[in-house]
Structures are given as structure tokens and as C-alpha cells.
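Take a look at the letters that make up each chain.
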Amino acid sequence: MVNQVHKFGGSSLSSADRFKSVANIILTHAQAGDCVVVSAAGKTTDTLVKLWQSYQQQDTQAIADIVLLLSNHQIALIEQLLIANAKHHALDLLETELSIITKQAKQGTLAEAALLAHGELWSARLLSAYLEQLNVSACAHDARQLFTLDAGQLQHANNQQQCLKAIETSKINVVTGFIAADLHGETVTLGRNGSDYSATLLARYCNAKKVSIWTDTQGVFSTDPRKVANAVKYARVCRDQANLLARLGNPVLHAKTLSPLKDTDIELVVRSSYDPQGSHTEIVKLGMSKQKRFLTTVNNVDLLIVDDLSEGEVAHVSQLIQHSLHHFEHEGEIYLLVPASATHQVANYFAGRANISESNLNGVAIIAPDQEVAPLGKQSEALLQTQSIQPRFTHYGEGYTLLLTDQVLESDVLSLLHDKLINKAQEIALIIAGLGNVGAEFMRQLPAQLARLSTDFNVKLVALLRSEQMLVNANGLDCESWQLQWENHASSYKQADLLSYIDTLEYEHKIVIDITASEHFSQLYSKLVELNCHLISANKYAGTASLSWYQTLRESLAQRGLHWRYNASVGAGLPINFALADLQNSGDKITRIEGVFSGTLSWLCSMYDGSKAFSDLVLEAQALGFTEPDPREDLSGRDMQRKLLILVRELGIELELDDISLSALMPDELSAGSWNNFIDNKARLDAFIEQHAQAAQQQNAALCYTGLLEFENNTLNAKVGITYVPKSEAVANLTPGDNIFVINTQWYNQNALVIQGPGAGKEVTAAGVHSDLYWLVQNIS
Ligand SMILES: Nc1ncnc2c1ncn2[C@@H]1O[C@H](COP(=O)(O)OP(=O)(O)O)[C@@H](O)[C@H]1O
Ligand SMILES: N[C@@H](CC(=O)OP(=O)(O)O)C(=O)O
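Conventions used here
- Residues numbered from 1 in each chain as written.
- Chains lettered and ligands numbered in written order.
- Predicted model: local features only at pLDDT ≥ 70, side-chain atom pairs only at ≥ 80, totals over all residues.
- Heavy atoms only, no water.
- UniProt positions renumbered as here; feature names shortened; annotations may be inferred.
- pLDDT = per-residue confidence, 0-100.
- Phe/Tyr/Trp six-rings, centres within 6.5 Å; stacked < 30°, edge-to-face > 60°.
- Helix = DSSP H or I, 4+ residues; strand = E, 2+ residues; numbered from the N terminus.
- Buried < 20%, exposed > 50% of the residue type's maximum accessible area, 1.4 Å probe, protein only.
- Pairing = 2+ DSSP bridges.
- Axes fitted to C-alpha atoms, helices over the stretch in contact; angles between N-to-C directions.
- Contact = heavy atoms within 4.5 Å.

- The chain is annotated in an unreviewed UniProt entry as Bifunctional aspartokinase/homoserine dehydrogenase 2 from Pseudoalteromonas haloplanktis.
- The record held by UniProt for the chain lists under Cofactor (unreviewed entry) the comment "a metal cation".
- One UniProt comment on the chain, placed under Function (unreviewed entry), says "Bifunctional aspartate kinase and homoserine dehydrogenase that catalyzes the first and the third steps toward the synthesis of lysine, methionine and threonine from aspartate."

Shown next, in the form of C-alpha cells:
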């Protein structure tokens, strides 16, 4: 049974090394009975077309030169891939075929389609022989034995029988793309780029489950990724839009590729033979994916007006010229968009019924959901005008607009159109975890932030999560009324439900914002990254997890080009991470960071003057909501230790949490036991603090709890704990609750760079998360 049909285009077979990679893909992705449809290697068909043109012009020198070129190319491939008998046999066959071509050219008996067919025949024979050499049972099929056309119509019933009979279930069946035969057995072709069509036809005839089109890009992009750096790969593209792209001449899929798949469940994917593990594009049925925006170039075309068109005429002419033809009605006339090289042939075909309306045109087509076409067309015209380009012909069709210009649009103009009109439509999905103090404040600030971003980006809130319940809507939740929706629609979930929901979200970018304080949630990060989510954390656990886990996460983010921001995990909204990154990017070297990174400990130490017992201040801070539920979490210094580790790792230093020495702001014996037990023994805490305060006083210093990172003689010293700071220093004079970061660098050496301000509080912390979100959105788009 044919499970899959794999198709490898010319771009995947452009050298001996590429053939080897293709064989590797077959070894890992195909099974006995599968079909592998191949195109001519590299640009072989273009060369054969040139040979045909030279033959028509009776240019004997050019014919000889081109035959030599073809011969050298094929010989090089054979020599590099085959050995022994297989090699000699292939070389002999090639020589015979090339001498027949030369002879027929001399005799005037060359036939175009039979000539062009050689590219595919050579590829199929070579790949099959190479697979056999690798001990993979394979056979080559000439598709002229499989596909028959009568007057341009495929003989489906007959073809299906032929295919089912010929395909060998115990072998890899390597089949020539692009070619077929007519009722007399003469070669015909399926049109330029037609191997994609061969692949889907074969899949239909053999009831295959899936067709993989392997090419040199990772799938179908918003525009040609070779011309526009910011082209976005789409995970899913609807068949109707893929078809429209093809009709407008885009090479990534051939125009007829989708027709054999009509009314079938055969899957179709476009993927890269250069990166077989990479993600791909699925071409799905209408309604199974949202409509996307595309920009595709149109080069070297003429516009013909035809008096009248009868059924099947366009198909017939495109068969004749070997190229897809787009036709449309415009201001009461029927137009044909014809490759300039074929205009003569098309005009001849219509024998006086077609006239050239405009010639030597280039330009672009924009494909978009219907309601967006007109505004996009107007915006493109305005953008082209800023580049002094005036379209000569503009047409608004169903689902697209065509802007035809005199000049070829170069990459800079295409990038401008793409970035302003296509990229802008990229949708970004927000998933927010944690709706506590800071989370709720984040939500309060969200509508204004989304309004700020919406002039350029399409950001949608698609999920809100708490530890046990979630509220989701893939089309976007209303973020103003989230509480009401939460009360009515939040439902319980398991991790697997969340992950599969995120997996099916059809957005170009997904951002998970973790405002929880949950270690459990942070452990999901690696799975979220596998689902291509960018991350923003206020949560400190992931940033301070074991080094190996942390590094694996970072590598996985880097491989996927994803970002992870965590500015709010240290210093709430203070731009400490931005500052450190900026200093390093400017070539500076950080030598020392000292400071107070805990709003709670800052408040306690600044408020303590001996007039009130320290334990009473702790209780007061607890009542004001400044502390963790159990304030010993703060007093232990663990929180500050984590923050220091995040800063250390931000500097690229590999350290574990326990490499940072720690002494607590309480006697060690109070860390164990219940909270009540702690309260019962609070006098011991007060005595401990009193003793330190007096010792500090004797040195004319203040009792502080600080973190320190410094390099001394190339050794790193990282610690958090009690320090006596001279009263003249900024660290000793903090407004209660403030954080301070005193940073010394190569350039800020004598006189430190100081960042100081509130280091806790829901508003500033939520704003810190928004700052990361804003940065991320600007940087992913
Ligand atoms: N929107 C797009 N998405 C992907 N590729 C595109 C797009 N527009 C144009 N291309 C071009 O299509 C080429 C693939 O088509 P083609 O060269 O015919 O491949 P093959 O030889 O595999 O059939 C890519 O190299 C790319 O430059
Ligand atoms: N070799 C043919 C058929 C084809 O489909 O090629 P490719 O898969 O490289 O686009 C052509 O160049 O038109």
C-alpha cells in the first residue's frame, strides 16, 4: 500500500550532495511501497528549454554547447553518486540519449515535450540506482506509462489502474514528475512546475494518505523568503489561498496541485529537504485554517484582452504554453495575465480574438481575506508612491489585488510592502498564567497596553490560567470584562489540556506570561518552548532552576528563535535586566553589583530604628501584604539569593543557586517549625536584630540586608546576607521598600551606575511585565 508520496523538486536535487540528503530523507521518512516523485535536477528543465529554443532558431553552435553542458552536469552527478556497473550503465544510457538528441536536432525531428522529459528521467534513474546502491530496494518508473491524457484530459480510470498495477509494494517507487503520455504514447508535460501535480495525482490514484512536497524552503511563507528577510512561515494555509498563489505564478506550489485532492482526506505538506526536522506548512481544506496575507511577485508578463472565452480554453492554452494562466474580468473586459515569453503563442491560439492591452509588466499581487483586499490595495499604492512607483494597471479581484508596474520590484520595495502590510497582520496570542495580586493588576493595565500595540500589531488574549482553572477563547477574550467571563466560563484543566490547546492555536506567535509564583508552572517551560511559545516571567523559579535544565531551555529557545524576558523577576519594574544587557551590548564589562533586591527586607531594615521591636515590624509588613504569606521566606534571604542568581546568569556566568552563599536575617534555629512557633520565639528574632543593629551603630553604619556579586582577581564572589553599610552610602539611605542596584563596570568604575526605586508593589511589577511584553512584540515582528 502506498502510504505516502514524497516529491522532491529541482531545488532539492541540485547537486550530488543534495541527492545524498534526499536519499537520507527517504531512508528515514519513507517505507516500502511509497512513491518518490522527482523533478529534473536543479535548473535542468530551463537548460532543456534553452536547447529547444536554440533548435527552433536553428542555432547549431548553441545546440552543441547546451548538449555539452547537460552532458557535463549529468556525468558529474553520476560519477559522484554511482559506482561500478551502475555507473557504467548510467553513463552509457546518457551518452546514447544525448546522441539521439543531437541527431534529431540535425534531422529536424526533435519534439519539445520528449526533449524536456529527459530532466525527470535522468533524476528518477539516478536516484533509484543510488538507493539500490545503499541497499534500499527501489525501482524507477517513467510516468508516461502511468498517466495518459486525451486532448489534455487525464484518463483517470485508466491511469488509476496503471498506477495500482505498476507500483511495487515491496520497493521505493521513484517516479518521474512533470511528464505523461497522450493516447498515441507521445510525451506530453503537465506544465512547468508540474511535478507537484504529478505527486498529488499519484497519491489520488494510489489512495495514499499523505503527500510531502520537499523543497528548499521550510514551507509556504507570507512572501518569498529569499527576497524578504522578514517573511513569515505559516503553519497552515488554506487550499484556496495556495491555489490563488499558484495561479498568480508563485512557484512554491503548482497551480493544479490541489485539484486531485478535492473531496479526499489526503494530507498535503510543504517542507524543507534542507532541514527535514524543521517545522512545515500544512495545506488544509477550506475553513480549516484562517485566511492569511501573502505578497507574491509578478515578473515579465503581458496583459491580453480576449473577446470571449469558452469553457476549457484557458486550461488548453496553459497546457500549450506549459504555464499556469490567470484570467479575470476587469471593467467589463476579460483579461489574461500571460508570461511575456508565451504572448506570441497565446495570441496565435486566439487567432485575432486576443489583443495585447499592456506589455512588459512586473509588480506584485497581494492575497488576503476578502474584506482586507481593498484597503490593502490602497495602502500598497500609497506605499509604492513613496518610492516613486506608479502602478500601470491595478485590479481588485476575489481575495487578491494585482498591482502591475513598469519596473521589477526589488527586495527593498518588497520588504517595505511586506513589513507594512503583511507582517502587520501577524497575530500574536497571549496566554497569561497567574491572576493574583500582580496578575490582576497586569490585566487592569492590559487594555491600554493592547491599544498602544494595536496600531502595529494584532495581539489577542487567548487564555487566562490559574492553578486549577482556565478560561480560553482562541478568537480572543475581551480583556476588559475578564472577571465576569472567568466567573461564568472558567473550567478546570489538566496540563495536557493546556498544552494541546496551545498547540492548536493558529497564531504566528504565542507568548506565555508567567505571573505565578509556582515552581510547578515553571517546569512547563520546556514544553511551552517546544510549542514555539515565547516566554515572559515574573516567576523566579525557571531562572534559578538547576544549571543543566536552565541551559537546555536556553538552547531550545535559541534553536527556535524564541525570546524569554524576565525583567520583572528582579527589582519589579526597575529596568535592571535592560541595563545589564545594554551595558554588555555596548562592550562594557560588569565587575560588581551590590544592592538590596528585596522590597520586603528593604522596608524592614529601613523602618527599624529600635523604637519598635523588629518582630512587630514583620507583623505589620505581613498585614500590609508586603511579605510572602510566611514572612520567613523573605527573612531567609532565599528570595534575594534567587534574584542575584538571575542577574549572575544574565551576565552569562554559569552558577547554581547554592553557589551563592547565604546568611538569613533571623537566627537559623527559627527557620524550622510552624509560624506560631516562630511567633512564640519572636524575642529571639528581636534580640538577634538588636545585637546586629548595635554592632552596626558602633561602626557608624546601618544594618542592611544586601546582595553582592564581585570579581576579585578573576574569582567570583556571590553572597547575600546582613551587612553594615556606612551611613554615607546610598544603600544605607533607602526609602522603605526601595530596591537599589549599585553597578560597577569597566567604564562606571570609580563612580557607580545606580538604579534605585520601588522594588515591589503590584503596579510597578505589572508594569515591568508590560515592559517585557512591549519589547517582545516589537522584537518578534
Ligand atoms: N511564499 C513563498 N513561500 C515559500 N517559497 C516561496 C514563496 N514565494 C516564492 N517562493 C520561492 O519558491 C521556491 C520553491 O519553488 P521551486 O524552486 O519551484 O521549488 P522546487 O524546485 O522544490 O519545486 C523557493 O526557493 C522560494 O524562493
Ligand atoms: N522540472 C520541471 C517540473 C517541476 O515541477 O520542477 P520543480 O519541481 O523543480 O518546480 C520544471 O522545471 O518546470
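## Some thoughts on the confidence of the model for the chain
Turning to step 1, where the next piece is worked out: When the pLDDT values of the chain are averaged, the result is 94; 99% of them are 70 or greater.
Turning to step 2, where the next piece is worked out: Among the prediction metrics, the complex's ipTM stands at 0.97, with pTM recorded as 0.67.

## Observations regarding the packing of aromatic side chains
Turning to step 1, where the next piece is worked out: In this structure the tally under the stated criterion is 14 aromatic pairs.
Turning to step 2, where the next piece is worked out: With 6.2 Å between their ring centres and 50 degrees between their planes, Phe328 and Phe393 make a pair best called tilted. Of this pair, Phe328 sits in strand E14 (residues 326-330) while Phe393 is found in strand E17 (residues 393-397), placing the two residues 65 residues apart along the sequence. Exposure class is identical for Phe328 and Phe393. Each is buried.
Turning to step 3, where the next piece is worked out: A centroid spacing of 5.0 Å and a plane angle of 5 degrees characterise the contact between Phe597 and Phe741, whose relative ring orientation is stacked. Separated by 144 residues along the polypeptide, Phe597 in the loop between strand E26 (590-596) and helix H21 (599-607) and Phe741 in strand E30 (residues 738-745) bring together distant segments of the chain.

## Concerning unusual backbone geometry
Among all residues except glycine, the phi angle is most often negative; among peptide bonds, the trans geometry is most common.
Turning to step 1, where the next piece is worked out: One non-glycine residue with positive phi stands out, namely Gln322, at about 65 degrees.
Turning to step 2, where the next piece is worked out: Mapping Gln322 onto the fold places it in the loop between helix H10 (313-321) and E14.
Turning to step 3, where the next piece is worked out: Classification of Gln322 as buried rests on a relative accessible area of 10%.
Turning to step 4, where the next piece is worked out: If you check the backbone angles, Ala572 has positive phi at about 50 degrees while not being a glycine.
Turning to step 5, where the next piece is worked out: Relative to the elements of secondary structure, Ala572 occurs in the loop between strand E25 (564-565) and helix H20 (576-585).

## Section: the sheet that holds strand E11 (residues 267-272)
Turning to step 1, where the next piece is worked out: If you trace the eight strands from one edge of the open sheet to the other, you get E3-E6-E2-E1-E9-E11-E12-E10, paired in mixed fashion. The open sheet has two edge strands, strand E3 (138-141) and strand E10 (236-238), and neither has a second partner. Averaged over neighbouring strand pairs, the angle between their axes works out to 20 degrees when direction is ignored.
Turning to step 2, where the next piece is worked out: Of the pairings in the sheet, the one linking E10 to strand E12 (residues 281-284) comprises three bridges and is parallel in character. Directly across from Arg236, in E12, lies its bridge partner Glu282.
Turning to step 3, where the next piece is worked out: Sheet strands in contact with helix H1 (residues 16-29) are strand E1 (4-8), strand E2 (35-38), strand E6 (172-176), strand E9 (210-215) and E11, and its direction is about 170 degrees off that of E1.
Turning to step 4, where the next piece is worked out: On top of the sheet, helix H9 (residues 239-247) reaches E10 and E12; it is set at about 75 degrees to E10, its chief contact.

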